Amino acid sequence: MTSFDGFVPNPDLGELAAVNQQIAETMQYPDVTTSEGLAMIRGMDYALSRDLNQSVSERTIPGPGGDLKLRIIRPEGPIKAVMIDIHGGGWCLGTPQEDDWINDYYAEHSQIASVSVDYRLAPEDPFPAPVEDCVAGALWVAQNAVAEFGTDRLLLHGASAGGHLAAVTLLRLRDEYPEVAERIAAVSLVYGSYDVSGVPSRRQADHNTLVLPVHWINGFVDNAFPGLDGEQRRDPSISPLFAKLDNLPPALFTVGSLDPLLDDSLFMSARWQAAGNHADLDVWPNGVHGFNNMAPKTGHAVVERISSWFTARLSA
């Protein structure tokens, strides 16, 4: 695991091992390609439950598919930057509320306001619908940051499918709205999927893989990118690992060592840096996919690490 500016993450390995054992013994995996299976997992709460200390509000703006909801968490006092947050959920589930405790921490400890995009979900609205919503949300933030939050500095954050959407959104902004991309000071990408056709670690997943067994991975991808074969899914507009990665802001990649999407972060961080950008990579021992939302002690350590990294980048 790498460190940044002397900060060394300290995961609770015993806690992570216990989470892994509990998942192996109890977790059920409905068929996500059926309406019944989707309804079941959409009714589950995947986030740690914690009290919020900062102001929470919602805003509705015009979006590509109709009204687009944004969830805003802002700290008291001066705001250093506004973070565009994109939640996870395999492109098929999840809400901005599931990131509340994380964004509340960033607000309190790094003076960062967050704007979370409630993007459209697959299979009802497959790709590119979600990224179109994320771009629309990012443009609203860019246009209103100074008036609403008193700063023109931007950040970008996404986890799991949100990490994928954050990377694709960033590339869209760089290519189509460079004046917005240039204002993004740093990016946090947490166990994202950057090659949706499947990196080696994902291809090694089986029905016993914790959290993301092979049938869930394939089901989520088929829902979100229907009718596309492997080569079509490698198109740079879909799989950012294959895109040109020049002129991008500093990025922190976070992933667990037991995550089937491990190689996505390993490969993407290497290409990010090879393209001339700054990249930091944290691989957390014994971490499964979503480990920071399942293990309270380690989850706190992860969010503290990312918050400290954001603070350092904003001060650089």
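Everything in this summary refers to the structure shown in the same document. Remember, it's a predicted structure, so these values are computed and weren't measured experimentally. (Residues numbered from 1 in each chain as written. Predicted model: local features only at pLDDT ≥ 70, side-chain atom pairs only at ≥ 80, totals over all residues. Heavy atoms only, no water.)

A short note on unusual backbone geometry
For residues other than glycine, phi is negative in most cases, and the peptide bonds are mostly trans.
Inference 1: A cis amide bond, omega 0°, links Ala122 with the succeeding residue Pro123.
Inference 2: Despite not being glycine, Ser160 shows a phi value in the positive range, around 60°.
Inference 3: With respect to the element layout, Ser160 can be found in the loop between strand E5 (154-159) and helix H5 (161-176).
Inference 4: Given the relative accessible area of 13%, Ser160 is considered buried.
Inference 5: Although it is not a glycine, Val211 adopts a positive phi angle of roughly 70°.
Inference 6: With respect to the helices and strands, Val211 occurs in the loop between helix H7 (200-203) and helix H8 (214-224). (Helix = DSSP H or I, 4+ residues; strand = E, 2+ residues; numbered from the N terminus. Buried < 20%, exposed > 50% of the residue type's maximum accessible area, 1.4 Å probe, protein only.)

Looking at the pairing of strand E8 (residues 279-284)
Inference 1: Most of E8 sits inside the fold, with five of its six residues counted as buried.
Inference 2: Pairing geometry for strand E7 (residues 251-256) and E8, over six bridges, is parallel. Opposite Ala251, over in E8, you have Ala279 as the bridge partner.
Inference 3: Remark: the E7/helix H10 (residues 262-274)/E8 crossover connection has right-handed handedness. (Pairing = 2+ DSSP bridges. Right-handed = clockwise from strand over helix to strand, strands pointing away.)

Considering the nonpolar core
Grouped burial of nonpolar side chains is what soluble globular proteins tend to show.
Inference 1: The biggest cluster of nonpolar side chains holds 102 residues, and the ones touching the most others in it are Trp91, Tyr106, Leu155, Phe220, Phe253, Trp272 and Phe310.
Inference 2: With eleven residues, the single largest contributor to this core is helix H4 (residues 129-149). (Core = buried A, V, L, I, M, F, W, Y, C linked by side-chain atoms within 4.5 Å.)

Side note on the packing of aromatic side chains
Inference 1: The full count for this structure, using the stated rule, is ten aromatic pairs.
Inference 2: With 5.2 Å between their ring centres and 45° between their planes, Phe127 and Phe225 make a pair best called tilted. With a gap of 98 residues between them, Phe127 in the loop between strand E4 (112-117) and H4 and Phe225 in the loop between H8 and helix H9 (230-233) connect regions that are remote in the sequence. No difference in accessibility class separates Phe127 from Phe225, as the two residues are buried.
Inference 3: Pairing Tyr194 with Phe253 gives two aromatic rings, centres 6.2 Å apart and planes at 90°, and the pair type is edge-to-face. Highlighted residues: Tyr194 in the loop between strand E6 (184-190) and H7 and Phe253 in strand E7, separated in sequence by 59 residues.
Inference 4: Assessed through its relative accessible area of 0%, Phe253 is described here as buried.
Inference 5: Among the aromatic residues, those joined into a cluster by ring pairs are Tyr29, Trp216 and Phe220. (Phe/Tyr/Trp six-rings, centres within 6.5 Å; stacked < 30°, edge-to-face > 60°.)

So, the environment of Pro226
Inference 1: Along the chain, Pro226 falls in the loop between H8 and H9.
Inference 2: Through-space distance from the C-alpha of Pro226 to that of Arg153 is 36 Å; in sequence the pair is 73 residues apart.

Considering the pattern of salt bridges
Any two side chains of opposite charge can pair if their charged atoms end up close together.
Inference 1: If you walk through the whole model with that rule in mind, you get 13 salt bridges.
Inference 2: Of the charged contacts, one joins Asp175 and Arg174 as a salt bridge, the two residues approaching to 2.9 Å between their closest N and O atoms.
Inference 3: Classification of Arg174 as buried rests on a relative accessible area of 15%.
Inference 4: Between Glu231 and Arg234 there is a salt bridge, and its shortest N-O distance comes to 2.8 Å.
Inference 5: Owing to a relative accessible area of 24%, Arg234 belongs among the partly exposed residues under this scheme. (Salt bridge = Lys/Arg side-chain N within 4 Å of Asp/Glu carboxyl O.)

Brief notes about the packing of helix H3 (residues 100-110) against helix H11 (residues 296-315)
Inference 1: In the contact formed by H3 and H11, the axes pass within 10 Å of each other and the chain directions differ by 45°. Classed by the angle they form, the pair H3 and H11 counts as oblique. The hand of the H3/H11 crossing is right-handed. Counting all contacts with H3, which are made through Trp101, Ile102, Tyr105, Tyr106, His109 and Ser110, the residues of H11 involved are Gly299, His300, Val303, Glu304, Ile306, Ser307, Phe310 and Thr311. (Axes fitted to C-alpha atoms, helices over the stretch in contact; angles between N-to-C directions. Parallel < 35°, antiparallel > 145°, perpendicular 65-115°, else oblique. Left-handed = near helix turned anticlockwise from the far one by under 90°. Contact = heavy atoms within 4.5 Å.)

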